[in-house]
Amino acid sequence: MREKGKLIILILLSAASIAGYMFIELGPNWDYALPRRAEKIAAIVLTGTVIAVATLLFQTVTNNRILTPSIIGLDSLYMLVQTTLVFFLGSTSLTVMNKQVNFAISIGFMVLFALVLYRLLFRREGQSIYFLLLLGLIFGTFFGSFTSFMQVLIDPNEFQIIQDRMFASFNNVQTEVLMMAAVITAAMLLYLMKFFKYLDVLSLGKETAINLGVEYDYTVKRLLVIIAVLISVATALVGPITFLGLLVVNVAYEMFKTYKHSVLIFASILVSIAALAGGQMIVEHVFTFSTQLSVIINFIGGIYFIYLLLRESKK
Amino acid sequence: MVEVQSVSKSYGLKAVVDDVSVNIQKGKITSFIGPNGAGKSTLLSIISRLMSADTGEVLIDGQKVNETKSRDLAKKMAILKQSNHLNLRLSVRDLVAFGRFPYSQGKLTKEDHVHIDEALRYMELEELQDRYLDQLSGGQKQRAFIAMTIAQDTEYILLDEPLNNLDMKHSVQIMKVLRRLADELGKTVLIVIHDINFASVYSDYIVALKDGKIEAQGTVNEIITTLTLKQVYGMDMSIQEINNQKICVYFS
């Protein structure tokens, strides 16, 4: 089958970029470099998976292929949490503070915010999902403004520390945090299995999904919670990176031209891993750390996004 | 039987459906007619659980719709709304196969494929079954969606303006299929329809709504009269009998 062939190509491609990242210019101190690179690759695979799955789910639930979950405002909330920590506790808190504690605080706030937002939305029946997006957008802007406000007030040296957090980076992921993130992700993916069969039907739209016997509100609420948790994990792990999702999910759609989530989910994950591992390889070996991976992702993703918008408007 | 018991629904202060009670007979085609904004589509959405009523109940074969499991209802009742814009790369057969979801939950069995083939044949879509939806004309697309509801194999089929944007040939074709569904397979068909002549010629019962209330209901002969239609639409129509069919002439 052609789908299988394409999937195998993707598997080879992501395996190649992982291997490339692991072994290029390994040098004589391989026993030092290899475990560190393995750690980063683990973070890359985890983040890639989480972002791909969350974006695919989000686009299915909203029936819109040019949205990313960052529109709910979780990225901005993450920055707000980090800035607030520095604002009140000083920059040493970020460096001194246990990474796991920071991770837990960030995730806790993001998930809490998402739940409050959903509660607001679903309290009244028949509320459109676009109302959620609008609310999220407004909150996101609010968080963003508040963050800039605090950043202006703090010491420029401290701002440097925050600035590091503003861009997604795999350069200082810690194993303990990685384990936590992996466990949470695994739990979410397991929970997702329960709703997986509904995804194809949900992509037909709300009314058709209800007609075909999907408990729409129940299912969508749970999917949104899964999305929020996944996005929180990825953001707390490496920083704001949701834009990547838009890129990889659309590449998966373009490559496979199918509606089947059983294919799309693996395709998006593989594209995502290949892009991240390949991108990180370029950052480290071509640019020798002079730029961040997220800068490259946002650059390519932005161009692709504009292309999508132009093509949609032509239809 | 579908029993609608004093159902009301309002948006803000405006009552869109206002204390409506009606019983729908089994195995017949019932048409909902009325002017724009009379609440026809809203009523159909409430009957099919796409919306919930503010007050009142809808019972299908004695079971309350809002207390029945959605999946069980999906095997009893199919609803097709008027706007079916899809941004998916889906072939006609894929779409019709979705009609089997209440039974298969995504894993199609041999029996499912039999139903899909049957539905495709019923809507004369066999030759188009591998085409993608975005390559179809409006009429073909509409037929594909109706085929999906047929594959769902439900006793009740609810269609919201199935003739929207179709030419006469396709409109007649679809109404004939609905007639066959009722006559040959004993299905109960509920449609919201704007063209009163299609309602007059192809339905058994007509329910006329106005301002969220039922203005009149009964057999075609009872409703298609100059007097009743004047009450509903507020305009004079002359009713002509042509080939034993009542045709409204409303061009003045």
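Throughout this document, residue positions are counted from 1 along each chain, in the order its sequence is written. The naming scheme follows written order: chains are lettered A onward, ligands numbered 1 onward. Two thresholds apply to this predicted model, a pLDDT of at least 70 for residue-level local features and 80 or more for giving and counting side-chain atom pairs, whereas whole-chain, interface and lining totals are computed over all residues.

### Comments concerning the overall build of chain B
- Each helix and strand counted, chain B has 10 helices and 12 strands in total.
- Its C-alpha atoms give chain B a radius of gyration of 18 Å, near enough to 18 Å, the size a compact globule of 252 residues would have.
- Overall, chain B is about 55 × 45 × 35 Å in size when its C-alpha atoms are taken along their principal axes.
- A residue is called partly exposed when the number of other C-beta atoms within 10 Å of its own lies between 12 and 20, exposed at 12 or fewer, and buried at 20 or more, with C-beta atoms placed from the backbone. The 252 residues of chain B split such that 43% are buried.
- Whether two residues are in contact is decided by their C-beta atoms, placed from the backbone, lying within 7 Å. Within chain B, counting contacts between residues at least 6 apart in sequence, those at least 24 apart form 64% of the total. A run of DSSP states H or I qualifies as a helix once it reaches four residues; a run of E qualifies as a strand once it reaches two. Both are numbered from the N-terminal end. Within these notes, the globule rule equals 2.2 Å times the number of residues to the 0.38 power, and the radius of gyration is based on C-alpha atoms.

### Quick word on the sheet that holds strand E2 (residues 14–24) of chain B
Residue and element names in this part refer to chain B.
- A pair of strands is treated as paired once DSSP finds two or more bridges between them. Strands sit in the order E2-E1-E4-E5 across an open sheet of four strands; the sheet is antiparallel. Strands with a single pairing partner mark the edges of an open sheet, and in this sheet they are E2 and strand E5 (63–64).
- Pairing geometry for strand E1 (residues 2–11) and E2, over seven bridges, is antiparallel. Paired with Val7 across the bridge in E2 is Val20.

### Some remarks on the confidence of the model for chain B
All names here are of chain B.
- In this model, chain B carries a mean pLDDT of 87, and residues with pLDDT of at least 70 account for 99%.
- Per-residue confidence from the prediction method is given by pLDDT, with values spanning 0 to 100. Within chain B, strand E8 (residues 188–192) carries the highest mean pLDDT (93), whereas helix H9 (residues 220–223) carries the lowest (85).
- Taken over the whole predicted complex, pTM reads 0.87, whereas the ipTM for its chain interfaces reads 0.87.

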